[in-house]
Amino acid sequence: GDRALRIAVAVLALAGAAIAGYLTYAKYADATIACSTGGCETVQSSEYAEILGLPVPILGLIGYLGIFATTFVAGETPRLVGAALALGGLAFSIYLLVVQIVAIGALCQWCLASDVVMLLLTVAAVARLRRPATG
């Protein structure tokens, strides 16, 4: 039911927030990102790593935490907001994946992990819209 989906959304949102939080930390601590693809630093230092002066990981962190917050409130509105944020996040993730492949020519494993989390999160958040709101 909704409770199981709400837990799934919460756990996935926290996983996404952990990835975005790590990348945000690495950005501001000027730390080397643990990376097996070799493309993480290239992606993170590209001109696409910021939007309107904000590092992309911060936008992800805000989005994931926003989705997480919707799991604490029952009702139709939080479910709609969570699904809308997840769909927006998925669209943004797809855009960033295309940018990595086409414009940057490098892939960041953390970004790809976030993409997978966001896809699963979107599936769970949209599925919540199809369930009656309970506990």
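Refer to the structure above for everything that follows.
Residues numbered from 1 in each chain as written. Predicted model: local features only at pLDDT ≥ 70, side-chain atom pairs only at ≥ 80, totals over all residues. Heavy atoms only, no water.

Q: Sorry if this is basic, but what is going on with the nonpolar core here?
A: Nonpolar side chains in soluble globular proteins generally cluster together in the buried interior. Val9, Val43, Tyr64, Ile67, Met118 and Leu121 are the most contacted members of the largest nonpolar core, which totals 29 residues. Counting only elements with at least two residues in this core, the list comes to helix 1 (2-29), helix 2 (40-44), helix 3 (56-69), helix 4 (76-104) and helix 5 (109-129). (Core = buried A, V, L, I, M, F, W, Y, C linked by side-chain atoms within 4.5 Å. Buried < 20%, exposed > 50% of the residue type's maximum accessible area, 1.4 Å probe, protein only. Helix = DSSP H or I, 4+ residues; strand = E, 2+ residues; numbered from the N terminus.)

Q: What is the right way to look at the state of the cysteines in this model?
A: Between two cysteines, a covalent bond joining their sulfur atoms is known as a disulfide. On inspection of all chains with the given rule, the structure shows one disulfide. Across the disulfide from cysteine 35 sits cysteine 40; the S-S distance is 2.3 Å. Across the S-S bond linking cysteine 35 and cysteine 40, the dihedral sits near 75°, which makes this disulfide right-handed. When its relative accessible area of 0% is taken as the criterion, cysteine 40 is described as buried. (Disulfide = S-S within 2.5 Å.)

Q: Explanation requested: the side chain of threonine 122 in the structure shown.
A: Structurally, the position occupied by threonine 122 is in helix 5. By relative accessible area, which is 5% here, threonine 122 ends up buried.

Q: What is the right way to look at the packing of aromatic side chains in this model?
A: To describe a pair of aromatic rings, one takes the distance between the centres and the angle between the planes. Tallying each qualifying case throughout the model produces three aromatic pairs. Between phenylalanine 92 and tyrosine 95 the ring centres are 6.1 Å apart and the planes differ by 20°, which places this aromatic pair in the stacked class. In this pair, phenylalanine 92 and tyrosine 95 are both assigned in helix 4, three residues apart and thus about one turn of the helix distant. (Phe/Tyr/Trp six-rings, centres within 6.5 Å; stacked < 30°, edge-to-face > 60°.)

Q: I would appreciate a short explanation of helix 4 in the present structure.
A: Since the α-helix advances by 3.6 residues per turn, residues separated by three or four positions end up pointing in the same direction. Helix length check: helix 4 (29 residues) gives 40 Å between terminal C-alpha atoms against 42 Å at 1.5 Å per residue, within 8%. Among the residues of helix 4, Pro78, Arg79, Gly82, Ala83, Ala86, Gly89, Leu90, Ser93, Leu96, Val99, Gln100 and Ile104 are the ones counted as buried. Here the buried face of helix 4 lies against helix 1, helix 2, helix 3 and helix 5. Glycine 105 sits one or two residues past helix 4 and shows a positive phi near 75°. (Expected span 1.5 Å × (residues − 1). Contact = heavy atoms within 4.5 Å.)

Q: Which parts of the structure should I look at to understand the packing of helix 1 against helix 5?
A: Close contact between helix 1 and helix 5 brings their axes to 9 Å; oriented N to C, the two are set at 160°. Considering the angle they form, helix 1 stands roughly antiparallel to helix 5. Viewed along their axes, helix 1 and helix 5 form a crossing whose handedness is left-handed. On helix 5, the residues touching Asp2, Leu5, Arg6, Val9, Leu12, Ala13, Ala15, Gly16, Ile19, Tyr22 and Leu23 of helix 1 are Trp110, Ala113, Ser114, Val117, Leu120, Leu121, Ala124, Ala125, Ala127 and Arg128. Of the residues belonging to the contact of helix 1 with helix 5, the class tally is 16 nonpolar, two polar and three charged. (Axes fitted to C-alpha atoms, helices over the stretch in contact; angles between N-to-C directions. Parallel < 35°, antiparallel > 145°, perpendicular 65-115°, else oblique. Left-handed = near helix turned anticlockwise from the far one by under 90°. Nonpolar A, V, L, I, M, F, W, Y, C, P; charged D, E, K, R; others polar.)

Q: What is the right way to read the pattern of salt bridges from this model?
A: Once the charged atoms of two side chains with opposite charge are near each other, the side chains can pair. Throughout the structure, instances matching the rule amount to two salt bridges. With a closest N to O distance of 3.6 Å, lysine 27 and glutamate 50 form a salt bridge. Within this pair, whereas lysine 27 is found in helix 1, its partner glutamate 50 is found in strand 1 (residues 50-51), the two being separated by 23 residues in sequence. Accessibility expressed as a relative area gives 37% for lysine 27, which makes it partly exposed. Using a relative accessible area of 38% as the deciding quantity, one classes glutamate 50 as partly exposed. Between arginine 79 and glutamate 76 there is a salt bridge, and its shortest N-O distance comes to 2.8 Å. Pair noted here: arginine 79 and glutamate 76 are both in helix 4, with a separation of three residues, about one helical turn. Looking at arginine 79, the relative accessible area reads 3%, which means it is buried. A residue is classified by how much of its surface remains accessible, and glutamate 76, at 43% relative accessible area, is partly exposed. (Salt bridge = Lys/Arg side-chain N within 4 Å of Asp/Glu carboxyl O.)

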